[in-house]
Structure formats: structure tokens, C-alpha cells
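# Summary of structural features
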Amino acid sequence: MPRVTALVCLFCTAIAALVSSPASAQCPDRSFDAFGKQGYRIREVRLTGPLLRRSSIRDDLGVAARVKPGAAVTSDTIEGGKAHLRQLLRETPALFESPVVVSVVTAAVDRCDEASKQLDVVYGVYTTKVPLVVSRVVESREPQEVDPATRLALAPTPLRFKLTPRSSYDPSNGAMGGATMSLATGRFFDRLTTDVQVSDSALFLDVAAASSRELSTGWLRVYEWSLGYHHADRPTDQETLKERAFVGYVTTVSRPLGSRGAIVRWSSLAEAGEQRTALLPEVLPAGYIASANYGSWKNAVGVDLHAKRHGLSAAYGLLLGMSHGSDAVDYVKHVAEATYDVRIPWQAAAWTHRPLDITTRWSGGHLGGDDAIPVTERFFGGATATPFLPGTGWTLRASPELRGFPPRWFNRVNTNQAAIGATRYQSVTLTAAMPLWQRPLVPPEVIAEPEVVQQINAQLDSAEEVIDILHRQTDPAYISLIERAPSLDSRLRALDVRVASIGNTLSANSTAQAAACRTLIDGVRVQLDPTQNPRPYLVAVFANPVDADDPTLSNVRHVCLTQLGKQVGDDELTKLGEALVSEIDTMEALANRIDAVRAKTMAARDMVFPRDVVRSIFHELNVWSLGPALMFDGARIDLGGPTGESATRYALGAGSRFTLASTFHLTAGYVWNLNRDGGEPRGAPFFTIDLTAPFGR
Amino acid sequence: MPGVRTLKSISVDLEVMTTDRLKKIIFGLDKSIEDEEIQWVIEFQFLQRDNKTDPFGDPLVKLSIDVKKSNEQAAEETASKGLNNPQASHLLGPGLADTQRFRDGKIPEDKLAATVQRTLPKRNA
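Keep in mind that this is a model prediction, so the values were computed, not measured.

## So, the overall build of chain A
Broken down by element type, chain A carries 13 helices and 23 strands. Expressed as a percentage of its 697 residues, the buried residues of chain A come to 54%. Put simply, of all contacts in chain A between residues at least 6 apart along the chain, 69% involve residues at least 24 apart.

What follows is the structure, given as C-alpha cells:
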């Protein structure tokens, strides 16, 4: 197996458990067939574990494996159901492919009723496929919660074609409808994507062809590139800011770095097109123009740190803009952002799955330049921030976020001015949310079983062992070992040839010994074969044998040199044996130089996120949840220019969020402005509904 | 006999994909009860595809191997604790090598089955 990809993956894991629900104590300790012989029939089929769409799986079980209410209890029936679930897990399509996946299916009977001869069949189903690459960044938490089926492979998801509708309302954009669409192509570009939202006053359209690749070595884990078209009509309270541009970008994401497992992101985006607005020239600040063809080059770098319950993200972006002014670079924009989020669980059992989520974000920006700056580049604040890198999925903001104002309405110091935006801003947002009513993804009785948690942790350890092996294959000592493999192979081949050549002279007993010797040599040599793709893990040839046929170097020495060598007393064989032993010793010394501590550390680092995800699945994710959210924002804008006018506003809001996992996500509320200017709005309502169950196949 | 737990039936699958994402090994353990006797079976599969964007089709290698009595304890431990380092080394070493030899018709099925089964006792080697 090749080296690790490190990156990659993550994986997965998961697992499981010898689950027996509390009620299983009602059933006597006997085999399934024993129940069948007593005439038991199935009362109910139950599924436990972090599964979505379990009713459809249960129906499928009835059809495919005949495990359904009323059916006679037999071992074949129940085991057939288990086998069917096992196959289902293997074949369930996921958005991503994990390098290591562990799945567990258990079968048990429960609620046995001697009188009616009925019992329940209970299947525990656990699997973990976790996309490491995209999941350790600040944007990943919400998708994981609202759409766990897709993000965590808890249920099938369309892979080839997807269409996900959505709608929203705010006073600036109005009632918007739209959808995201994705089509897998598998050519130079992996997929074609379209994201469109339309209303009477606004239009947002992004069309792109994108690809991504994962690397197996080095600090870089994944890179992605895209070419597309970006179209945005962003209404303010006066005019509409219009952008049309062809956009290309490259984004890279590192593997976890350092002892904290930091993820470093970098993105470079180039765009060319036009920016227009109908603002009159007389209201524009000096150096700004209402409309322009433009080109810009944006670069952003960010780092994401995630501990068990805390996440810290920081990013900086630089834009160099050209709009046919007198300079090669007509304007420069800087944006920066820092986000901290924390999830606070409650200790009381009754409050599990109701974590308090708090997210705070600071962002700031500055726009500088002397001539021909499109006014649309200025900062227009409001409830929805303008993305610095549109279409990339990176939510680095390029405008102040102030939810008491409709999008882009916080754009001047007082309402008598034209909506010209700011040249500098800072904003702080605070959001606290907690589900009050919910249904856990994993039933509480499963979590209450200490054995389940213990088993899951054990299987996570197992996955870590596999990744450990993959990391060892990137060690310089292992690479030296691989490079030296031909030398060992040549000595084994010479020994094999010698054993074959003396075959006619051997006794019957020695002939059998020689055959065993040659079989072992053959078994070792195939592990050294450079044409094997992927190459087997070479260190296994130094392992302790578990039986006489185990193709290890230890067995080769014992059978070929100690036993056969003594029996035949062949000088040439002895000489070849000594050369082989010398080479084995040299290579074993190389194998011992593999930095096991490094591999273990890297494997442990790779597993931080999967362990966190598994914990989240079992203790935090809900099938549905409903709860309140509180918001507080503060923002300051500076209009620049000789007067240096500025304004600071605060807002406080409340709302509620209802999430039906992997189906839809509804948020509604209102945010009040606490210190508004006379003509400014009292506040702003917000409403969004995202369907997270895509149509497609 | 209220208060007594039922016998357990469990299957554990470990899927390992190669870094070129073109091949996948599935090492599975299945425990069931047959005639009041515990049965352990290793299910081993090797899958391969030409392109990373294609789904893995039917396995090229698919073995169902009855676990020897002498390996049942190791099977129980492996199912409940997962593979340890020597087992993972064996699976990715001789296991992978013989799988590819079997796929290429160079060794018989029983030899591959023996190699795969050896993953269990490697736990304590």
C-alpha cells in the first residue's frame, strides 16, 4: 500500500458496538434458531445508530431479507438482515471517499414475550466516513449539522447530479428563490456547478467548472481550481451595485500542521469584467467612478484551529485592482477576519444534545487608491456580508456585518447622504443559539451503554493504527528500505536457485524441507516485488511468524538455513545463507530506524477530527431541533475623504431555527437597531429556508 | 430467563483504500450463532476501478473464510478492539501482496485465504 496520503483522510471510523438495548434483558440467552423452534415471530424490526432515513432502510430489509413483522424467527432471516445492512453500508454513496472506513452491524432480539411468542429484532448500524479535507475549517460546522447525511455519509446522497432549492427574504433583496446545481463530469473538470438566486430586485449567479485533487505527500493536502462566471446585482436602499466578471481561482488546503493540527488555506483569485452603478458623478467621492471595466487579483491566506469544542479561524485578504487608471494598480483592498466559536454542552443528562453554540466574529477592511476606483468596491454593510472570494466556498467577508440593517443598507453616516459605501470598516458579531426541543440522532439508550462508547473508541484506535502504517511508508528510513529491497531480493533469489539446484541430491525429508523453503522465499519475494501496485508494506517481512507457512524472513532463516542447511551441509548454501542473514540484519536495522513516534503523532493528528465527529454524532447531532438564537452586532464605517465621517451602530436580535436533519433548515427572526439615526430602519427581519435534501441521482 | 442478555451477532468491516484511490480492500469479521455454536467468518474483498470518478463495481476478489477454532479468541478481540499494529501491517503487507497475486491467477484461493486468516493471530505475534 502506498504511502499515506495523508492527508487525506481522514477518515473514518467508526463503529460500533455490541449493542444490546436495555430491554434486551427481557430475552433469554439463546440463539435465534432456538427462538424459532419455540414458534417465535417478529413483532417489530428496529434500527439503532446514527442513521437517517431509517424507515426506508427498514422497509428495504423486509423486502430484501424478509425481516419484517409477522415473519418467523430464524437465524437465517436475522443474519440475512444483518448481511443486507452490511452490504448497504458498503454501497451507500457518499460525497467523498475515506481512506479508512470502519462499519459495524449488530443483530439482537429484544422484548421477548413468552405468551404471544413475539419479539423485536434490533439492528445496530454504525459507520463513519468523514471527509477530513473540508471539515476542519470554520465553514464546516453548520453543513455538518443541517445536512449530516451528505457531510457524514449517514445516508445516501446523489453523486452525479444534484439540485437543491432554497429561498429567503430580506428587505433589500426581497423574496428570493433559487437553487444550487451540481453535475459531476469526470473530465478535466470534476464538476459543473451553478448557484442562482433571483428576486424582483436582486440577482446572484455563479456558474463554474471546478476540480480538486488530493496529494499523498507533503504538507499540502488538497488543491482546487475553477473557472467560471460571476454575476451579481446587489441592491442597496438607493441604487443597485452590479458586477459581471469571469473568475478563475486556485485554492489550497494543508493537512493538519503542528501540534494543534492547524489547517492553512490559501486562495488566489483573478477576475475581469465590469462593475456598474447608477450613482450620479456629483455624489461620488474624489477618485471614484460609477462604472468601470476592471480586473483584480485577490489573494487570501487563513488558518483554522479546532480543539474539541473550540474553533478559531483567522484570515487576511489582499485585492489589487485595475480599472484603466493611470497606475498599474489603481486600488488596493485589505480585509481581515477572526472567528471564534465554542460549543458548550450541559452536564445534566436531560440537557444532552442541547449544546449552547456561541460564535463571535470580528472583521475589518480598508480600501485605498487615488484614481478610477469603482464605487462598488467600497464597503456596504448590512445583514449579509459580501464575500471576498465569491464562488470559492470560503466565507471571508468583505463588508461589515450588521444584522439590524438589510443587506448593504449600512452605507453612509446619515440618511441624507447618497449610498456611497465606506472606505474602512470594522464589525463584531455575536450569535448564541441552543436547541430546546430536539430528537437525538443516536437514541439515548444506545449512548447509555458504556460498552458502546468503549467499542467506538477502540475502533477509532484501530483506524489510527492503519493510518500509522500509511505514515510509516513516508518515512525516509522506509524509503531507504524500499530502495534496498532489490538487494535482499537478489540474495533470496540466489538462495532459491541454490535450493532448486540441489533438489535432486536431497533425501525425501530434505526435499519437503526444500519445498517449504522455496515457498517461503516466494512469499517473501512477492512482498519485495517493485511491480506490485500498490506496493505491500515491506516491514511486515520482519514480523514474528504465526505459523510455519507464514512468509516472513524469520521463517526463511529457520527453514532454509537452520533446518535445511543443517540437513544438507551444502557449503554454497551456507555461504548464500550468511550473505542473506547479513542483508536481513542491515535491512532490519533500517526498518528499526523508521520513526514510529512521528508516524504515531501524525496518525493521532489525522484522527483528531474523526474522533471529534464521532463524538458529535453520538452526543450532539439531532434528527430535528428547534431553538432560539440571540444576536448582537456592532459595526463602524468610515467614509474616508477629507471630512473623515464615520458612524457606529449596534443591533440586538432574536430568532429561532428549526432544522430537520438533511431535509431542510429554517431560520427566522428580527434584529433591532439600538442607536439608529433618524431615517435608518428600526431593524430588519430575516427569513431563510434551505432545503438540504437535494434532488438528483 | 429474564435478566439474561441475548447472544450477540455482530459484523465489523474495515475498508482501506489505496492512496491512488483505485483499489480497496475490505476486511470483515462476522460473528453468528449456528446450532448454539459461535461461528466466525472472515469476509475479504478486493475491489478495483480504472478511474477515480467511477464507482467500485463488483469485487475482483471475494472470499468468505471460516475462522479456525484456534483463532476465535483473536477474532473476538479484533472485532471488539479493532486491528492492532501488527495486524494492520500484515493486512497491508502479505495480505495485499497475495491478493494481487490471486487476482493475477498466480496463487490459488486457499493460499490467499490462509494469508488473510493469518491477520487474526498476528494480533499476538
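## Digging into the pattern of salt bridges
Summed over the entire model, instances satisfying the criterion amount to 49 salt bridges over all chains. Salt-bridge contacts for Asp237(A) lead to Arg412(A); the nearest nitrogen and oxygen are separated by 2.6 Å. In this pair, Asp237(A) is assigned in the loop between β8 (220–235) and β9 (240–254) and Arg412(A) in the loop between β16 (373–374) and β17 (424–433), connecting sequence segments 175 residues apart. Accessibility expressed as a relative area gives 8% for Arg412(A), which makes it buried. For the salt bridge of Asp522(A) with Arg101(B), the shortest nitrogen-to-oxygen distance reads 2.7 Å. Taken together, the residues span two chains, with Asp522(A) in helix α10 (residues 508–528) and Arg101(B) in helix α2 (residues 85–103). One network of salt bridges, with partners in common, ties together Glu79(A), Lys82(A), Arg86(A), Arg90(A), Asp13(B), Asp30(B) and Glu43(B).

## What to know about the sheet that holds strand β3 (residues 118–128) of chain A
Pairing between the strands of a sheet is mediated by backbone hydrogen bonds and can be parallel or antiparallel. Taken together, seven strands build an open sheet; the order of strands is β1(A)-β3(A)-β2(A)-β1(B)-β2(B)-β3(B)-β4(B) and the sheet is mixed. The outermost strands of the open sheet, each flanked by one partner alone, are β1 (41–48) of chain A together with β4 (61–66) of chain B. Here the strands of the sheet are splayed against their neighbours by 15 degrees on average, with no regard to which way each runs. Summarising the sheet, strand β1 (residues 9–17) of chain B and strand β2 (residues 23–34) of chain B pair through eight bridges and their orientation is antiparallel. Looking at the pairing, Asp13(B) lines up with Gly28(B) of β2(B). The strands touched by helix α3 (residues 75–91) of chain A are β1, β2 (100–113) and β3 of chain A together with β1, β2 and β3 (37–48) of chain B; relative to β2(B), the strand with the most contacts, the crossing angle is about 165 degrees. Lying over the sheet, helix α1 (residues 72–81) of chain B contacts β1, β2 and β3 of chain B, oriented at roughly 65 degrees with respect to β3(B).

## A word on the interface of chain B and chain A
Between chain B and chain A, the contact holds 61 residues from the first and 72 residues from the second. Inspection of the chain B/chain A interface yields nine salt bridges. Put simply, Asp30(B) and Arg86(A) hold a salt bridge, and the shortest N to O gap is 3.9 Å. Applying the counting rule to chain B against chain A returns 23 residue pairs in polar contact (both at pLDDT 80 or more). Among the elements of the structure, β1, β2, β3, α1 and α2 of chain B are those that each provide at least two residues to the side of chain B that touches chain A. At 12 residues, the largest contribution of residues to the side of chain B that touches chain A is made by α2(B). Each residue belonging to the side of chain B that touches chain A can be placed in one class, and the counts come to 23 nonpolar, 19 polar and 19 charged. As paired elements, β2(A) and β1(B) share eight bridges and run antiparallel to each other. In the strand pairing of β1(B), Val101(A) is matched with Glu15(B).

## A look at the nonpolar core
Within the largest apolar cluster, 90 residues are counted, with the highest numbers of intra-cluster contacts made by Leu481(A), Leu495(A), Leu538(A), Val556(A), Phe27(B) and Leu29(B). Here the element with the most residues in this core is helix α9 (residues 476–501) of chain A; it accounts for nine residues. Each residue touching Leu481(A), except ones within four places of it in the same chain, is listed here: Leu538(A), Val539(A), Phe542(A), Met587(A), Leu590(A) and Ala591(A). Of all hydrophobic cores here, the second largest spans 33 residues; its members include Ala315(A), Tyr331(A), Val413(A) and Ala651(A).

## A closer look at the packing of α9(A) against helix α12 (residues 571–592) of chain A
Residue and element names in this part refer to chain A. One way to put it is that α9 packs onto α12 with a least axis distance of 9 Å and a crossing angle of 165 degrees. Of the possible angle classes, the one that applies to α9 and α12 is roughly antiparallel. Crossing hand, α9 versus α12: left-handed. Tallied by class, residues from the contact of α9 with α12 come to 16 nonpolar, four polar and five charged.

## Topic: the confidence of the model for chain B
Taken residue by residue, chain B gives an average pLDDT of 86. The fraction at 70 or more is 94%. With pTM at 0.73, the complex prediction returns an ipTM value of 0.88.

## Some remarks on the packing of aromatic side chains
Taken as a whole and assessed by the stated rule, the structure comprises nine aromatic pairs over all chains. Both rings, one in Tyr229(A) and one in Phe246(A), keep their centres 5.2 Å apart while their planes meet at 55 degrees; by these two values the pair is tilted. Highlighted residues: Tyr229(A) in strand β8 and Phe246(A) in strand β9, separated in sequence by 17 residues. A relative accessible area of 59% means that Phe246(A) is categorised as exposed. Measuring from centroid to centroid gives 5.1 Å for Phe405(A) and Phe410(A), while their planes differ by 45 degrees, and the two rings are tilted. Accessibility classification places Phe405(A) together with Phe410(A) in one group, the buried group. Looking at Arg30(A), its charged tip hangs above the ring of Phe35(A), at a distance of 5.0 Å from the centre. Above the ring of Phe56(B), the side-chain terminus of Arg49(B) is found at 4.1 Å from the ring centroid.

## Considering the environment of Val247(A)
All names here are of chain A. Residue position: Val247 is located in strand β9. The spatial distance from the C-alpha of Val247 to the C-alpha of Gly627 is 39 Å, given a sequence separation of 380 residues. In contact with Val247, other than residues within four places in its own chain, are Ser226, Leu227, Gly228, His230, Leu269, Ala270 and Glu271.

## A few points about α3(A)
The terminal C-alpha atoms of α3(A) lie 24 Å apart, and with 17 residues this matches the ideal 24 Å at 1.5 Å per residue to within 8%. The set of residues buried in α3(A) consists of Ser75(A), Thr77(A), Ile78(A), Glu79(A), Gly81(A), Lys82(A), Leu85(A), Arg86(A), Leu89(A) and Arg90(A).

## Some thoughts on the confidence of the model for chain A
Confidence along chain A averages 85 in pLDDT terms, with 88% of residues attaining 70 or more. Between residues 1–25 of chain A, whose pLDDT stays under 50, and residues either more than four places distant or in other chains, the model counts 130 contacts.

## Some remarks on the packing of helix α11 (residues 553–568) of chain A against α12(A)
Residues and elements named next belong to chain A. Where α11 contacts α12, the axes come no closer than 10 Å and their chain directions differ by 160 degrees. Compared by their axis directions, α11 and α12 come out roughly antiparallel. Two packed elements cross with a definite hand, and for α11 against α12 that hand is left-handed. Contacts between α11 and α12 involve Leu553, Val556, Arg557, Cys560, Leu561, Leu564, Gly565 and Val568 from the first element and Leu573, Gly577, Leu580, Val581, Ile584 and Asp585 from the second. Residues belonging to the contact of α11 with α12 are distributed by class as follows: 10 nonpolar, two polar and two charged.

## Brief notes about a negative patch on the surface
On the surface, a cluster of negative charge is made up of Asp76(A), Glu34(B), Asp35(B) and Glu36(B). For Asp35(B), the location among the structural elements is in the loop between β2 and β3. The class for Asp35(B) is exposed, based on a relative accessible area of 60%.

## Examining α11(A)
Every buried residue belonging to α11(A) is among Leu553(A), Asn555(A), Val556(A), Val559(A), Cys560(A), Leu561(A), Leu564(A) and Gly565(A), and all of these are buried. Positive backbone phi, approximately 55 degrees, marks Gly569(A), located one or two places after α11(A).

## Concerning the state of the cysteines
All names here are of chain A. Summed over all chains, the structure comprises two disulfides over all chains. Here Cys27 pairs with Cys112 through a disulfide, and the sulfurs are 1.9 Å apart. Between Cys27 and Cys112, the disulfide has an S-S torsion of 100 degrees and is therefore right-handed. Here Cys27 is found in the segment before α1 (32–37), whereas its partner Cys112 is found in strand β2, with 85 residues between them in sequence. Across the pair, Cys112 and Cys27 agree in class, each one buried. In this model, Cys517 is linked to Cys560 through a disulfide, with the two sulfur atoms separated by 2.0 Å. Classification of the bridge connecting Cys517 and Cys560 rests on its S-S torsion, roughly 110 degrees, and on that basis the disulfide is right-handed. Of this pair, Cys517 sits in helix α10 while Cys560 is found in helix α11, placing the two residues 43 residues apart along the sequence.

Reading the values: the criteria
Residues numbered from 1 in each chain as written. Chains lettered and ligands numbered in written order. Predicted model: local features only at pLDDT ≥ 70, side-chain atom pairs only at ≥ 80, totals over all residues. Heavy atoms only, no water. Helix = DSSP H or I, 4+ residues; strand = E, 2+ residues; numbered from the N terminus. Buried < 20%, exposed > 50% of the residue type's maximum accessible area, 1.4 Å probe, protein only. Contact = heavy atoms within 4.5 Å. Salt bridge = Lys/Arg side-chain N within 4 Å of Asp/Glu carboxyl O. Pairing = 2+ DSSP bridges. Axes fitted to C-alpha atoms, helices over the stretch in contact; angles between N-to-C directions. Polar contact = N/O pair within 3.5 Å; in protein donor to acceptor, adjacent residues only side chain to side chain. Nonpolar A, V, L, I, M, F, W, Y, C, P; charged D, E, K, R; others polar. Core = buried A, V, L, I, M, F, W, Y, C linked by side-chain atoms within 4.5 Å. Parallel < 35°, antiparallel > 145°, perpendicular 65-115°, else oblique. Left-handed = near helix turned anticlockwise from the far one by under 90°. pLDDT = per-residue confidence, 0-100. Phe/Tyr/Trp six-rings, centres within 6.5 Å; stacked < 30°, edge-to-face > 60°. Lys NZ or Arg CZ within 6 Å of the ring centre and 35° of its normal. Expected span 1.5 Å × (residues − 1). Patch = residues over 30% accessible without salt bridge, like charges linked within 9 Å, V, L, I, M, F, W, Y side chains within 5 Å. Areas by Shrake-Rupley, 256 points an atom, 1.4 Å probe, with all protein chains shown as cover. Lys, Arg positive; Asp, Glu negative; His and termini not counted. Charge placed at Lys NZ, Arg CZ, Asp CG, Glu CD. Disulfide = S-S within 2.5 Å.

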